[in-house]
Amino acid sequence: MSKTTQRKAVIVGAGIAGLAAARRLSEIGWEVVVAEKAPERRGGGYLLALTGLGYQSADRMGLLAALSARALNPVEFRYANAAGRFGYCVPGDTMRAVLGQDAVILFRGDIESVLYDAIPGNVDLQFGQTVDEITQDDTGVQVTLASGGTLTADLLIAADGLHSATRRQVFGPEKGFRRDLGHMLSPPPRSTSHPTAYPTAP
Ligand SMILES: Cc1cc2nc3c(=O)[nH]c(=O)nc-3n(C[C@H](O)[C@H](O)[C@H](O)COP(=O)(O)OP(=O)(O)OC[C@H]3O[C@@H](n4cnc5c(N)ncnc54)[C@H](O)[C@@H]3O)c2cc1C
């Protein structure tokens, strides 16, 4: 840690993790620079369920009300293959029963919007920015930006998503570090005689 009174963080990536970290660090008095590779906000994404640790974090960050205001209450979830052919559906009530009470169903882009809106104005959010070089010593971390500038910080957060280039720069190839959490996806049932199967897209 440097001996400056205000601590400084460089966050690589303005996705969900990057924006959440920026908000929290700024809130507790850190100076924060966020370097995002994309030229503008990346608000896309599909429907997902915010549960477990994500739900608890949103609650502790005071963002649950804003997220819940964007929640959807689907009647049913229909799963289709890449050709648009429906395989099966899950009734909304079943999904809600499985997820439990502490869950918000919403679009990934709405989580990004809520976080973005919650970022204090003093966070230096730089779009179209990447990190070329990272070095560290006992006093902190030095970050050379692709735009040419150099930043010295107490903390570097690699929030540049899956296959993070920043983590690769610091730790080496991800195959040595990536941990399989055992999640699995199942293909839809083949039989169209399944009671909840949809033979063709409506
Ligand atoms: C546009 C988009 C849509 C998504 N849609 C879904 C979805 O529908 N369902 C789902 O489950 N997950 C989705 N994800 C993934 C999901 O957001 C993340 O896996 C999860 O939220 C973890 O967040 P994260 O901040 O670690 O990563 P991400 O949300 O992936 O954010 C990483 C950010 O880092 C930026 N970045 C990448 N490389 C660099 C670099 N070298 N320098 C600077 N910035 C960099 C990316 O542009 C991105 O903004 C999506 C991600 C994105 C970016």
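Please refer to the structure higher up on the page.
Below, the structure is looked at part by part. If you're wondering where the values come from, they're calculated on a predicted model, not measured in any experiment.

Definitions and limits used
Residues numbered from 1 in each chain as written. Predicted model: local features only at pLDDT ≥ 70, side-chain atom pairs only at ≥ 80, totals over all residues. Axes fitted to C-alpha atoms, helices over the stretch in contact; angles between N-to-C directions. Helix = DSSP H or I, 4+ residues; strand = E, 2+ residues; numbered from the N terminus. Parallel < 35°, antiparallel > 145°, perpendicular 65-115°, else oblique. Left-handed = near helix turned anticlockwise from the far one by under 90°. Contact = placed C-beta atoms within 7 Å. Nonpolar A, V, L, I, M, F, W, Y, C, P; charged D, E, K, R; others polar. Near = placed C-beta within 6 Å. Pairing = 2+ DSSP bridges. Buried ≥ 20, exposed ≤ 12 C-beta atoms within 10 Å, placed from the backbone. Arc of directions from axis to C-beta. Core = buried A, V, L, I, M, F, W, Y, C linked by C-beta atoms within 7 Å.

Right, let's talk about the packing of helix α1 (residues 16–27) against helix α5 (residues 108–117) for a bit. Relative to each other, α1 and α5 sit at 25 degrees, their axes nearing to 9 Å. Considering the angle they form, α1 stands roughly parallel to α5. Crossing handedness for the pair α1 and α5: left-handed. Across the interface between the two elements, I16, L19, A20 and R23 of α1 pack against I111, E112, L115 and Y116 of α5. Grouping the amino acids of the contact of α1 with α5 by side-chain chemistry returns 6 nonpolar, no polar and 2 charged.

The next thing to look at is the site of the ligand. Near the ligand lie 23 residues; those nearest to it are G13, G15, A17, G45 and G161. Broken down by secondary-structure element, the contributors of at least two residues to the shell around the ligand are α1 and β2 (31–36). Here the element with the most residues in the shell around the ligand is α1; it accounts for 3 residues. Taken together, the residues of the shell around the ligand sort by class into 11 nonpolar, 7 polar and 5 charged.

Read across the sheet, 4 strands follow the order β7-β2-β1-β11 without closing on themselves; strand pairing throughout is parallel. Of all the strands in the sheet, just β7 (124–127) and β11 (155–158) have a single pairing partner and so form its edges. Going from strand to strand, the sheet's axes swing by 15 degrees on average, the running direction of each strand aside. Where strand β1 (residues 8–12) and β2 come together, 5 bridges link them in parallel fashion. For A9, the partnering residue across the bridge sits in β2 and is V32. Each of β1, β2 and β11 touches α1; the most contacted strand, β2, lies at about 165 degrees to it.

Strand order in the open sheet made by the 3 strands is β8-β9-β10, with antiparallel pairing throughout. Two strands close off the open sheet at either side, each with one partner strand: β8 (131–137) and β10 (150–153). Along the sheet, successive strands turn relative to each other by an average axial angle of 20 degrees, direction set aside. Where β8 and strand β9 (residues 140–145) come together, 6 bridges link them in antiparallel fashion. Each bridged residue has a counterpart across the sheet, and for D137 the counterpart in β9 is G140.

Moving on, we get to α5. Burial in α5 covers these residues: D110, I111, V114 and L115. Summarising the axial view, the buried residues of α5 lie within an arc of 135 degrees, below the 170-degree limit, and thus occupy one face. The inward-facing, buried residues of α5 abut α1, β3 (47–50), α3 (64–68) and β6 (104–107).

Right, let's talk about the environment of A49 for a bit. Turning to its location among the elements, A49 is positioned in strand β3. A49 sits 55 residues away from V104 along the chain, and the two C-alpha atoms are 5.6 Å apart. Residues within four places of A49 in sequence aside, it is in contact with L99, A103 and I105.

Next up on the list: the nonpolar core. With 28 residues, the main nonpolar core has V10, I11, V12, A22, V32, V34 and L67 as its most contacted residues. Among the elements that take part in this core, α1 stands out by supplying 5 residues, more than any other. Ignoring sequence-local partners within four residues, the contact set of V12 consists of A35, V131, I157, A158, A159, D160 and T166.

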